[in-house]
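So the chains spell out like this:
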Amino acid sequence: MPRYFFHLFDGAEEIDAQGSELDDDASALREAIRFGGGLLSDDPDMLVRDKGLRINVTDESGGLNCALIVQIVDAKWRPPPGG
Amino acid sequence: MSCNEPEGHVHREIDAPFRWMGDAVQAHRHGRLGIFVRKLISHSRLSADDQAAIASLPFSIKTLEPNDHILREGERAEICPVLLSGFAYRQKISADGGRQIVALKIPGDPLDFQSLYLDRADHNLQALTKVELAIFALKDLENLVAPRPGLARAVLVDILIEASIGREWLLNIGRRNALTRLAHLLCELLYRVEQIAGETIGNFELPLTQEQLADLLGLTPVHINRTLRELEKEGAIRRVSRRVSIADIATLHRIAQFSDIYLHRNQSSAVV
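For chain B, an unreviewed UniProt entry supplies the name HTH crp-type domain-containing protein and the organism Sphingopyxis macrogoltabida.

Enquirer: How should I be thinking about the overall build of chain A in this particular structure?
Expert: The secondary structure content of chain A amounts to two helices and five strands. Element order for chain A, N to C, with α for helix and β for strand: β-β-β-α-α-β-β. Radius of gyration (C-alpha) of chain A: 16 Å, far over the 12 Å computed for a compact globule of 83 residues. By principal-axis analysis of the C-alpha atoms, chain A measures approximately 60 × 25 × 20 Å. Looking at chain A residue by residue over its 83 residues, the buried ones come to 20%. Residue pairs in contact within chain A that sit at least 24 positions apart in sequence constitute 44% of those at least 6 positions apart.

Enquirer: What is the right way to read the environment of Ala 178 of chain B from this model?
Expert: In this fold, Ala 178 of chain B is placed in helix α5 (residues 178-197). Residues Ala 178 of chain B and Asp 112 of chain B, 66 residues apart in the sequence, show an inter-C-alpha distance of 30 Å. Sequence-distant contacts of Ala 178 of chain B, defined by excluding residues within four places in its chain, comprise Gly 38 and Asp 42 of chain A together with Leu 219, His 223 and Thr 227 of chain B.

Enquirer: Would you mind showing me how to read the sheet that holds strand β3 (residues 69-71) of chain B here?
Expert: Two pairing modes exist for strands in a sheet, parallel and antiparallel, and in both the strands are linked by backbone hydrogen bonds. Residues and elements named next belong to chain B. The strand order β3-β7-β5-β6 describes an open sheet built from four strands, whose pairing is antiparallel. The sheet is open, and its two borders are formed by β3 and β6 (99-105), each paired with just one other strand. Taken over all neighbouring pairs, the strand axes of this sheet differ in orientation by 35° on average, direction set aside. Alignment of strand β5 (residues 88-93) against β6, held across six bridges, turns out to be antiparallel. Looking across to β6, one finds that Arg 90 is bridged to Ala 103.

Enquirer: Would you take a moment to explain the interface of chain A and chain B for this structure?
Expert: Reports often express the size of an interface as the amount of accessible area lost when the parts come together. Chain A puts 11 residues into the contact, and the matching count from chain B is nine residues. Of the residues forming the side of chain A that touches chain B, the biggest block, five residues, is contributed by helix α1 (residues 25-42) of chain A. Of the residues that constitute the side of chain A that touches chain B, the class distribution is three nonpolar, three polar and five charged.

Enquirer: What is the right way to read the pairing of strand β11 (residues 243-246) of chain B from this model?
Expert: The side chains of a regular strand alternate, residue by residue, between the two faces of the sheet. Residue and element names in this part refer to chain B. In β11, alternate side chains face the same way, and those of Val 244 and Ile 246 are buried while those of Arg 243 and Ser 245 on the opposite face are not. In terms of strand pairing, strand β10 (residues 237-240) meets β11 through four bridges, oriented antiparallel. When the bridges of β11 are listed, Ile 237 appears paired with Ile 246.

Enquirer: Before we go on, may I ask you to explain the sheet that holds strand β8 (residues 131-137) of chain B in this structure?
Expert: Residues and elements named next belong to chain B. Strands sit in the order β2-β8-β4 across an open sheet of three strands; the sheet is antiparallel. A strand with exactly one partner marks an edge of an open sheet, and here the two such strands are β2 (60-64) and β4 (79-85). Between one strand axis and the next, the sheet turns through 35° on average, direction left out of account. Two strands pair when backbone bridges link them, and β2 and β8 are joined in this way by five bridges, in the antiparallel orientation. In the sheet register, Ile 61 faces β8, and the bridge partner there is Ala 134. Packing against the sheet, helix α3 (residues 138-145) makes contact with β4 and β8, and its axis sits at approximately 65° to β8.

Enquirer: Sorry, what's going on with the nonpolar core here?
Expert: For soluble globular proteins, the rule of thumb is that nonpolar side chains tend to be buried together. Within the largest apolar cluster, 60 residues are counted, with the highest numbers of intra-cluster contacts made by Leu 83, Ala 88, Ala 134, Ala 183, Leu 186, Leu 217 and Leu 252 of chain B. Looking at this core element by element, the count peaks at seven residues for α5 of chain B. Counting 12 residues, the second largest nonpolar core, distinct from the first, contains Ala 32, Ile 55 and Val 57 of chain A together with Val 222 of chain B.

Enquirer: I tried to follow the packing of α5 of chain B against helix α7 (residues 221-233) of chain B on my own but got confused; where do I start?
Expert: Think of two packed helices as two axes; the pair is described by the angle between the axes and how far apart they sit. All names here are of chain B. Two numbers describe how α5 lies on α7: the axes approach to 10 Å, and their chain directions differ by 75°. By the criterion of interaxial angle, the relationship of α5 to α7 is roughly perpendicular. Side by side, α5 and α7 meet where Ala 178, Leu 179, Leu 182 and Ala 183 of the first sit next to His 223, Thr 227, Glu 230 and Leu 231 of the second. Here the contact of α5 with α7 is composed, by residue class, of five nonpolar, two polar and one charged.

Basis of the calculations
Residues numbered from 1 in each chain as written. Chains lettered and ligands numbered in written order. Predicted model: local features only at pLDDT ≥ 70, side-chain atom pairs only at ≥ 80, totals over all residues. Helix = DSSP H or I, 4+ residues; strand = E, 2+ residues; numbered from the N terminus. Rg over C-alpha atoms; globule rule 2.2 N^0.38 Å. Buried ≥ 20, exposed ≤ 12 C-beta atoms within 10 Å, placed from the backbone. Contact = placed C-beta atoms within 7 Å. Pairing = 2+ DSSP bridges. Axes fitted to C-alpha atoms, helices over the stretch in contact; angles between N-to-C directions. Nonpolar A, V, L, I, M, F, W, Y, C, P; charged D, E, K, R; others polar. Core = buried A, V, L, I, M, F, W, Y, C linked by C-beta atoms within 7 Å. Parallel < 35°, antiparallel > 145°, perpendicular 65-115°, else oblique.

Quick look at the structure:
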């Protein structure tokens, strides 16, 4: 099974040197999303603190396979007075 | 080197991967079943007569490979297995194939007291590592326990403690963050193993793969991998290729915010 590496950028850079064996690219993407979800679930403040979460997935060739970015956007808005 | 040991506690560093009981069965007047009797008396007082009665039940020895089924969901049990060496797990599988390990069993543990009372298995019981089982006929155990209140109580307490551990697992998976969650499980496993071993164990090697830890803790293997990395950075565990061993239980205990009430250790039973 191919090996994929999930590198984390949440303010600081964390390199995954060991990687995980997964079926294929689609599985790796799914795992990246689940991984990101798990991290955010544990520590939602991470997005406020670090202005975003990024997970880069590389494969055994060292090439970038896919990336996941989660960010809060400033979306304050008020309805105009009078509807 | 742990500096947290209670006074007078024996500490022996075991460098080799943890491989225990079955390999080195201490001379015990109950022979191969000694570890099973020790497990029962660890939480329940049993008269010498009750202990002798258990130890003289006929049994056969069965060896299984990792992931071999001991009992399948839906089956009606006819045997009562006890783990003599190695580790086992209970697992349930969702309709879309999702696996959840719902319990871990360690050497000395009876694996299916439940079938003394319930009709069908509601989960799969499988070997985690290579295991050695003592196999009793379920009928023999039923007949033994019926007229012996001390034994019946020990069976009940064993089931209750497993249920308590299950409740803690629910909290663990439901509410703890990944680092605390993983640390907690590792702590629990070491404490349970040390209890039956009767001594502290240095360099305890985890019998679970990362995939199995993921199936147990409700995290993806990628997250498990990263959390192991964090625990290693804290000095709590050591990783050598695929093997994880516990380096510093005190640090693990602190990260896990561990409280051992749910393990019901030092449980003294009322009536002999």
